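Working through the structure, step by step
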Amino acid sequence: MIEITDKKMCCGCTACVNICPVQCIVMRRDRDEGFDYPVANPDICIGCGRCESVCPVLSPASPTDPLVAYAVRNEENVKGSSSGGIFPALAEAVLADGGIVFGAVMEGDMKVGHTEAETMEEVQRMRGSKYVQSDLYSVFADVREYLESGRKVLFTGTPCQVAGLNKYIGNNREGLMTVDVACHGVPGPGVWEQYVKALEKRHGARMRATSFRDKSKGWRHYVFRTTYSSPDKEVSVKAAADPYMALFMQDMTLRPSCYSCPARHGRSGSDLTLSDLWSVAEAAPDLNDDRGASGVIVNTERGSALLERIHAETKQPITVDAVTKDNGGFAESIAVPEKRDEFFAGLKVAGVDVYEHMKSYVVKKPLYKRISRCLRSSLVEMKRKIVK
């Protein structure tokens, strides 16, 4: 029977919940940090051990060596995507075969959850980064049902979600294609929901939409944009200046398992890995126009075949190192921030001003680092103009 005594030992993938033959396991929100964990009912459990057998933390897969990597951009989709617009192209290829696509969406109540799509119109909701751990509901069981009916399935998610799905499905993955993203960790739904309420209070209106990576100011200088109703207004803030985004980038709000992720370094078993190509100026200068570029790591022959099917104006071979460069936590685990426990304890204090509390834990970069970053950005821009 699954029993979480050390929260670092659960990534929240829901594989155990979906595999249980007597449905004795449910996901419950913990009161300390706002993450969901499986809880088993010992009165119903039959002791079959299947929940432990599919856990990607208890039995992580071995690292795999990538086959090849590319710099890729799809011009049709790049504007509305966080990076190079590759995911919609992959989804379109699967849908053309009568398949189905699973991905994360922002619901109307500002909660993030996985859902399915059978049309490109439905796929649109899955586009864009969402820096909150998504609720997987019964998605793993739904994926298996579609596969058993003979339909192809494209599942996109974090490395731990892909690892959990692969454990759940087992060795016979005929028809299943998985895509994960370069991920340094995920904040929990509890912190996000508190922050949404805090922003609604500050702006005196309900939040009705958000973009964690709005590119209206450019791909490198993306902003955190929120939209409110009654009165209708839109607020855009530099990502580094928004407390939620800043703490995410400083690793303060991540799930405990993220600091020793069992799915890093190619252990998720994904067919493709997508990321921002932050090294674009050196790796693919033709794409260095601040509109967004994707780095794609091909991990399997199945992934290679899927990538070959998409339309992309640019797809040039690059090194895997070029993809992983400046994508924190891609291969190595990240350190637990010194004040993490203190931060979460403060969020539980009655009457706490969540916005100000989160803001107080944002660590500003030293002046020399900010100057260095500005100079580096200026050099990148100069190089882009010279290339043009």
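Above this text sits the structure in question.
Figured I'd write up the structure that's included with this text. (Residues numbered from 1 in each chain as written. Predicted model: local features only at pLDDT ≥ 70, side-chain atom pairs only at ≥ 80, totals over all residues. Heavy atoms only, no water.)

Another aspect to go through is the environment of Val-352. Within the secondary structure, Val-352 sits in the loop between helix 12 (340-347) and helix 13 (354-360). Residues Val-352 and Pro-187 lie 165 residues apart in sequence; the distance between their C-alpha atoms is 19 Å. (Helix = DSSP H or I, 4+ residues; strand = E, 2+ residues; numbered from the N terminus.)

It is worth spelling out helix 7 (residues 189-203) at this point. Look at helix 7: 21 Å from first C-alpha to last across 15 residues, which is about the 21 Å you get at 1.5 Å a residue. Restricting attention to buried positions, one finds in helix 7 the residues Pro-189, Gly-190, Val-191, Trp-192, Tyr-195, Val-196, Ala-198, Leu-199 and Glu-200. (Expected span 1.5 Å × (residues − 1). Buried < 20%, exposed > 50% of the residue type's maximum accessible area, 1.4 Å probe, protein only.)

All chains considered together, the criterion is met by 23 salt bridges. A salt bridge links Glu-193 to Arg-29, with the shortest nitrogen-to-oxygen separation between them at 3.4 Å. Here Glu-193, found in helix 7, pairs with Arg-29, found in strand 1 (residues 25-29); they are 164 residues apart in sequence, far enough to count as distant. Judged by its relative accessible area of 23%, Glu-193 falls in the partly exposed class. When its relative accessible area of 38% is taken as the criterion, Arg-29 is described as partly exposed. Here Arg-291 and Asp-289 are joined by a salt bridge, their closest N and O atoms 3.1 Å apart. (Salt bridge = Lys/Arg side-chain N within 4 Å of Asp/Glu carboxyl O.)

Moving on, we get to the side chain of Asn-327. Here Asn-327 is to be found in the loop between helix 11 (320-324) and helix 12. Non-local contacts of Asn-327, meaning those with residues more than four positions away in its chain, are made with Ala-182, Ser-275, Asp-276 and Trp-278. (Contact = heavy atoms within 4.5 Å.)

Moving on, we get to the state of the cysteines. All chains considered together, the criterion is met by 0 disulfides. Take Cys-51: it sits in no disulfide, and the sulfur closest to it among the cysteines is that of Cys-48, at 6.2 Å. Given a relative accessible area of 8%, Cys-51 falls into the buried group. Not part of a disulfide, Cys-261 finds its nearest cysteine sulfur in Cys-160, a span of 5.9 Å. (Disulfide = S-S within 2.5 Å.)

Moving on, we get to unusual backbone geometry. Look at Gln-23: it is not a glycine, yet its phi comes out positive at around 55°. Tracing the sequence through the fold places Gln-23 in the loop between helix 1 (15-19) and strand 1.

Before going further, it helps to examine the sheet that holds strand 5 (residues 112-117). Strands sit in the order 5-4-6-7-11-12-3-13 across an open sheet of 8 strands; the sheet is mixed. Among the strands making up the open sheet, the edge pair consists of strand 5 and strand 13 (314-318). Put simply, the sheet's adjacent strands are angled 25° from each other on average, direction ignored. Of the pairings in the sheet, the one linking strand 4 (residues 100-106) to strand 6 (residues 153-157) comprises 3 bridges and is parallel in character. Residue Ile-100 lies in a different strand from strand 6, and its bridge partner there is Val-153. Sheet strands touched by helix 5 (residues 139-148): strand 4, strand 5, strand 6 and strand 7 (176-181). Its angle to strand 6, the strand with the most contacts, is close to 160°. Packed onto the sheet, helix 10 (residues 301-309) meets strand 3 (68-73), strand 6, strand 7, strand 11 (272-276), strand 12 (294-298) and strand 13 and runs at close to 140° relative to strand 12. (Pairing = 2+ DSSP bridges. Axes fitted to C-alpha atoms, helices over the stretch in contact; angles between N-to-C directions.)

The pairing of strand 1 with strand 2 (residues 36-40) spans 5 bridges and is classified as antiparallel. Across the sheet, the residue bridging to Met-27 is Pro-38, located in strand 2. As consecutive antiparallel partners, strand 1 and strand 2 are separated by 6 residues, and within that stretch Gly-34 has a phi angle of approximately 85°, a positive value.

Turning to the side chain of Ser-83, a few remarks are in order. Note that Ser-83 resides in the loop between strand 3 and helix 3 (86-96). Of the polar contacts made by the side chain of Ser-83, one reaches the side chain of Ser-294; its length is 3.2 Å. The residues contacting Ser-83, other than those within four sequence positions of it, are Val-78, Lys-215, Trp-219, Ser-275, Asp-276, Arg-291, Gly-292, Ala-293 and Ser-294. (Polar contact = N/O pair within 3.5 Å; in protein donor to acceptor, adjacent residues only side chain to side chain.)

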